[in-house]
Amino acid sequence: MQVTVVGSGYVGLVASACFAELGHWVICVDNDTAKVAALERGETPIHERFLPELLERHRGKRLKFTSSLSQAVQQSAVIFIAVGTPSTDNGDCDLSYVEVVAREISRSVSGYKLVVQKSTVPVCTSEWVRRIMVLNGAPENAFEVASNPEFLREGTAVSDFLFPDRIVIGANSKRAACLLQEIYRPLTDGSYTRRENAIPEPDQARIPARLIVTSTRSAELIKHASNAFLAMKISFINAVGNICEAVGANVEEVCDGIGSDPRIGDRFLSPGIGYGGSCFPKDLKAFRAVARESGYDFRLLDEVIRINEEQCLRFLRKVRSALWTLKGKRLAVLGLAFKGGTDDVRESPAITLVELLLREGCEVVAYDPAAMVKSREVLGNRVTFAESAYDAAEDADALLLLSDWEEFAVLSLPRLRRALKYPIVIDGRNLYDPQMMGENGFMYYSVGRPEAFPKENSEQMPQLRKAS
Ligand code: UDX
Ligand code: UDX
């Protein structure tokens, strides 16, 4: 099928590459001409596993890039809108980019078109898109608008797209639903995974993917409710972790105990420095605003957001309690991305913490395997960027672990110990076993778990100040 994807951000670019991989002819449109030129040259603007391979495989063949939306619309029956939907100052979802695109599409409608909203948007957006298109001259019977939310996680977006738990299609007509089902058929009939050069299926992949067909409004709500629920799980476990710290329990043991109940599940129960990224913070606020406008006061979401914001401040207090004073301290920061496996620093709690530490007068030497370029755009020369985790640790007063990169969990502890001025590690992602850290000579602080100290120093180096 010939499809157009508008927007070449995380969602649009991954969707474009994956639609081409499924066998469709894809035109990916972006109004950022520099981005389009870079994509045409063969660059991959984001750090995403398997994306370079897919772009290489399909670029110039099944996948073309352009800035001309009108031409792309004329050539395609199905047009996905995947432009950004940021937060406005009051937490609402800014739909102005979606509106601009809808207006532009309406000028090129000739023959039947299905416009599919893929960005995360408030409920009823599909109906607004339809209305805008009609107001701008699109013939009422010549097009339909559907919703097809994505559930991609950055870092594993390609695998999430090609091996999804579910595909949600929100369509108000049979024709629209059938067109979308046709696009996803290789995933719902399991044929994609049987292909010789298919992207490897992840563990626990659900094959074939489950298809859920709903109204457009339900599909829009599914997306917001999913992200809000996941964020609630994280804030819940962070709150439980805080109690664990106060009473000397271990949040990992608690997670094991509660997560083994399948009604709760053990995934998305890792405590840390709070959730970040381009989705959860923005979507929680947007869902809160949607609920308010619909007449429901969804205060639970306020609390989820509050716990999350406090989690960063709690971690700062933990750093202070481990170091006593902060001014002038040289801190090695490992991880700037909002989580491991991505170069994205949007709403990264790691960046928030670095900003707070700088304000306290600390000197920060940071390292991230992928997010250094994007971090430099935000932090400039206020931070020194190191070449490796060990370089960052050199002569530092303490080491802070802020993103859960796999490579940070397997560092050589003796080497780290030698590099640091003082053997103090404050782990915001629980990457190490406290007992092992103590045995390796570290004073080790993590989230929701008991602190650990080197045996010989346990008397001389008590906790200096309570974290809470
Ligand atoms: C997406 C979704 O849009 C958002 O709703 C979801 O919650 C998170 O993921 P993302 O892909 O990360 O956002 O957005 P971004 O990286 O900002 O990319 C959007 C792209 O659309 C940009 O490349 C931008 O240049 C392009 N764009 C924007 C257009 O082509 N036309 C416009 O009018 C506006
Ligand atoms: C999220 C959703 O998972 C995805 O379905 C949706 O389409 C987009 O938003 P993403 O933002 O890429 O994906 O990252 P995710 O893996 O969900 O993590 C979000 C944040 O929560 C990160 O900052 C992460 O570190 C944090 N997190 C996640 C925790 O603190 N604990 C956990 O147990 C899981």
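Residues numbered from 1 in each chain as written. Chains lettered and ligands numbered in written order. Predicted model: local features only at pLDDT ≥ 70, side-chain atom pairs only at ≥ 80, totals over all residues. Heavy atoms only, no water.

Let us now look at the site of ligand 1. Around ligand 1 sit 20 residues, and of these Asp30, Lys35, Val83, Thr85 and Thr120 come closest. Residue Asn31 places a main-chain N or O atom 3.0 Å away from an oxygen atom belonging to ligand 1. Out of a free accessible area of 690 Å², ligand 1 has 86% covered by protein chains. Where the shell around ligand 1 is concerned, the elements lending two or more residues are helix 1 (10–21) and helix 5 (96–106). When the residues that make up the shell around ligand 1 are grouped by side-chain class, the tally is seven nonpolar, eight polar and five charged. (Near = heavy atom within 4 Å. Polar contact = N/O pair within 3.5 Å; in protein donor to acceptor, adjacent residues only side chain to side chain. Areas by Shrake-Rupley, 256 points an atom, 1.4 Å probe, with all protein chains shown as cover. Helix = DSSP H or I, 4+ residues; strand = E, 2+ residues; numbered from the N terminus. Nonpolar A, V, L, I, M, F, W, Y, C, P; charged D, E, K, R; others polar.)

Applying the stated criterion across every chain, the model contains 11 aromatic pairs. On the numbers, 6.0 Å between centres and 55° between planes, the contact of Phe163 with Tyr192 is tilted. Placement of the pair is Phe163 in the loop between helix 7 (157–162) and strand 7 (166–170) and Tyr192 in helix 9 (residues 191–194), with a sequence separation of 29 residues. Owing to a relative accessible area of 7%, Phe163 belongs among the buried residues under this scheme. Judged by its relative accessible area of 1%, Tyr192 falls in the buried class. Between the aromatic rings of Tyr275 and Phe280, the centroid separation amounts to 5.8 Å while the plane-to-plane angle is 85°, which identifies the pairing as edge-to-face. The exposure classification of Tyr275 matches that of Phe280, with both residues buried. An aromatic cluster of at least three residues, connected via ring pairs, comprises Phe19, Phe80, Phe161 and Tyr184. (Phe/Tyr/Trp six-rings, centres within 6.5 Å; stacked < 30°, edge-to-face > 60°. Buried < 20%, exposed > 50% of the residue type's maximum accessible area, 1.4 Å probe, protein only.)

Right, let's talk about helix 2 (residues 33–41) for a bit. For helix 2, the complete set of buried residues consists of Val36, Ala38 and Leu39. Along the axis of helix 2, the buried residues cluster in a sector spanning 160°; they form a single face. Exposed side of helix 2, more than 90 degrees from the buried face: Thr33, Ala34 and Arg41 are the residues found there. Contacts made by the buried residues of helix 2 are with helix 1 and strand 3 (63–66). For helix 2, the N-terminal cap is Asp32; the gap from its side-chain oxygen to the backbone nitrogen of Ala34 is 3.2 Å. (Arc of directions from axis to C-beta. Contact = heavy atoms within 4.5 Å.)

Quick look at the sheet that holds strand 12 (residues 398–401) now. With parallel pairing, six strands are arranged side by side in an open sheet as 11-10-9-12-13-14. Edge strands, defined here as strands with exactly one partner in the open sheet, are strand 11 (384–385) and strand 14 (443–445). In this sheet, strand 13 (residues 424–427) lies alongside strand 12 in parallel orientation, the contact comprising three bridges. Paired with Leu401 across the bridge in strand 13 is Asp427. Contacting strand 9 (330–334), strand 12, strand 13 and strand 14, helix 13 (residues 299–323) runs over the sheet at an angle of about 165° to strand 13. Running over the sheet, helix 14 (residues 349–359) touches strand 9, strand 10 (363–367) and strand 12 and is turned about 155° from strand 10. (Pairing = 2+ DSSP bridges. Axes fitted to C-alpha atoms, helices over the stretch in contact; angles between N-to-C directions.)

Taken domain by domain, the chain consists of domain 1 (2–214) and domain 2 (215–468). Regarding the contact of domain 1 and domain 2, the summed buried area is about 2,500 Å², with carbon and sulfur atoms giving 52% of it. In this structure, the connection of domain 1 to domain 2 is made through three salt bridges. The closest approach of N and O atoms between Arg346 and Glu154, which form a salt bridge, is 3.8 Å. Our count for the domain 1 to domain 2 interface comes out at 15 residue pairs in polar contact (both at pLDDT 80 or more). Elements represented by at least two residues in the side of domain 1 that touches domain 2 include exactly helix 6 (125–135), strand 6 (143–147) and strand 7. (Domains from an automatic or database assignment. Buried area = accessible area lost by both parts, 1.4 Å probe. Salt bridge = Lys/Arg side-chain N within 4 Å of Asp/Glu carboxyl O.)

For the rest of this paragraph, the subject is the packing of helix 10 (residues 216–247) against helix 13. Any two packed helices are characterised by how steeply their axes cross, that is the angle between the axes, and by the distance between the axes. At a minimum axis distance of 9 Å, the contact between helix 10 and helix 13 shows a crossing angle of 45°. As far as their axial angle goes, helix 13 and helix 10 are oblique. Crossing angle aside, the handedness with which helix 10 passes helix 13 is left-handed. Packed against helix 10, whose contacting residues are Ala228, Ala231, Met232, Ser235, Asn238, Ala239, Asn242 and Glu245, the element helix 13 presents Leu300, Leu301, Val304, Ile307, Asn308, Gln311, Arg314 and Lys318 at the interface. Taken together, the residues of the contact of helix 10 with helix 13 sort by class into eight nonpolar, five polar and three charged. (Parallel < 35°, antiparallel > 145°, perpendicular 65-115°, else oblique. Left-handed = near helix turned anticlockwise from the far one by under 90°.)

With that out of the way, let us pick up the pairing of strand 13. Here strand 13 shows no split at all, with Ile424 and Ile426 on one side and Val425 and Asp427 on the other all buried. A crossover connection joins strand 12 to the parallel strand 13 through helix 17 (residues 413–419); in handedness this β-α-β unit is right-handed. Taken together, the three bridges between strand 13 and strand 14 define a ladder with parallel strand orientation. In the sheet register, Ile424 faces strand 14, and the bridge partner there is Met443. Note on the crossover from strand 13 through helix 18 (residues 434–439) to strand 14: the handedness is right-handed. (Right-handed = clockwise from strand over helix to strand, strands pointing away.)

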